[in-house]
Amino acid sequence: MNEVEYERIIEKAKGLDLNINESERRTFLSTPWKFRIELQRRKDVVHHQGTHIMAMDIGLPFQENPKVIGDLLDLDLVVESDSHIRVGNHEWSLNFYEEDSTRLCSVHFSQDTMHSVDPVGTELITAWNDEG
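Thresholds applied
Sequence positions are assigned chain by chain, starting from 1 and proceeding in written order. Local features in this predicted model are restricted to residues of pLDDT 70 or higher, and side-chain atom pairs are both shown and tallied only at a pLDDT of 80 or more, whereas totals for entire chains, interfaces and linings draw on every residue. Only hydrogens and water are set aside; all other atoms, that is, all heavy atoms of the structure, feed into the side-chain values. Here the term buried applies to any residue with accessible area under 20% of the maximum for its type, exposed to any over 50%, and partly exposed to those in between, with areas from a 1.4 Å probe on protein chains only. In this description a helix means any DSSP run of H or I spanning at least four residues, a strand means any run of E spanning at least two, and both kinds are numbered starting from the N terminus. We call two strands paired when DSSP finds no fewer than two bridges between them. Every case where a carboxyl oxygen of Asp or Glu lies within 4 Å of a side-chain nitrogen of Lys or Arg is listed as a salt bridge.

Draft legend 1. Just the pairing of strand β4 (residues 53-60), in detail. Burial runs high along β4: 6 of the 8 residues are buried. Bridge count between β4 and strand β8 (residues 103-109): 6 bridges; the pairing is antiparallel. Bridging from a neighbouring strand, Asp57 pairs with Ser106 of β8. Strand direction decides the pairing type here: β4 and strand β7 (residues 93-98), joined by 6 bridges, are parallel. Residue Asp57 lies in a different strand from β7, and its bridge partner there is Asn95.

Shown next, in the form of structure tokens:
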């Protein structure tokens, strides 16, 4: 992320009254669903190895509409129903599904062949499709 993108997201986060924890090394935005979004500006920390996240499936209560995350991150609203919100662009997307509590359900990667489940039950998948 470049400095212009970073500043735009920070201003939007302030407008949404999100808690911003900013330091030299990292910046975290706290969401109403008890998870944080890390904004990383240091290119030396993010190593591009060819594989990157294409999509994440997140379960959370819909007391507040999760499409605000799309607004915050400049992602388009792709799907909106009572129990599913999808925001994204041509590079990646976030799928929010209504559940009683917040949990990361799965992470879809761009390359390699894997399908496993981590110790907390999150699926790690590389066979991502755009149908989500």
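Draft legend 2. Representation of the pattern of salt bridges within the structure. As enumerated under the stated definition, the model contains 5 salt bridges in all. Note that Asp74 is salt-bridged to Arg8, the shortest N-O span being 2.7 Å. On the criterion of sequence distance, the pair formed by Asp74 in the loop between α2 (67-72) and β5 (76-80) and Arg8 in helix α1 (residues 3-15) is long-range, its members being 66 residues apart. It is possible to trace a salt-bridge network through shared partners that takes in Arg8, Lys12 and Asp74.

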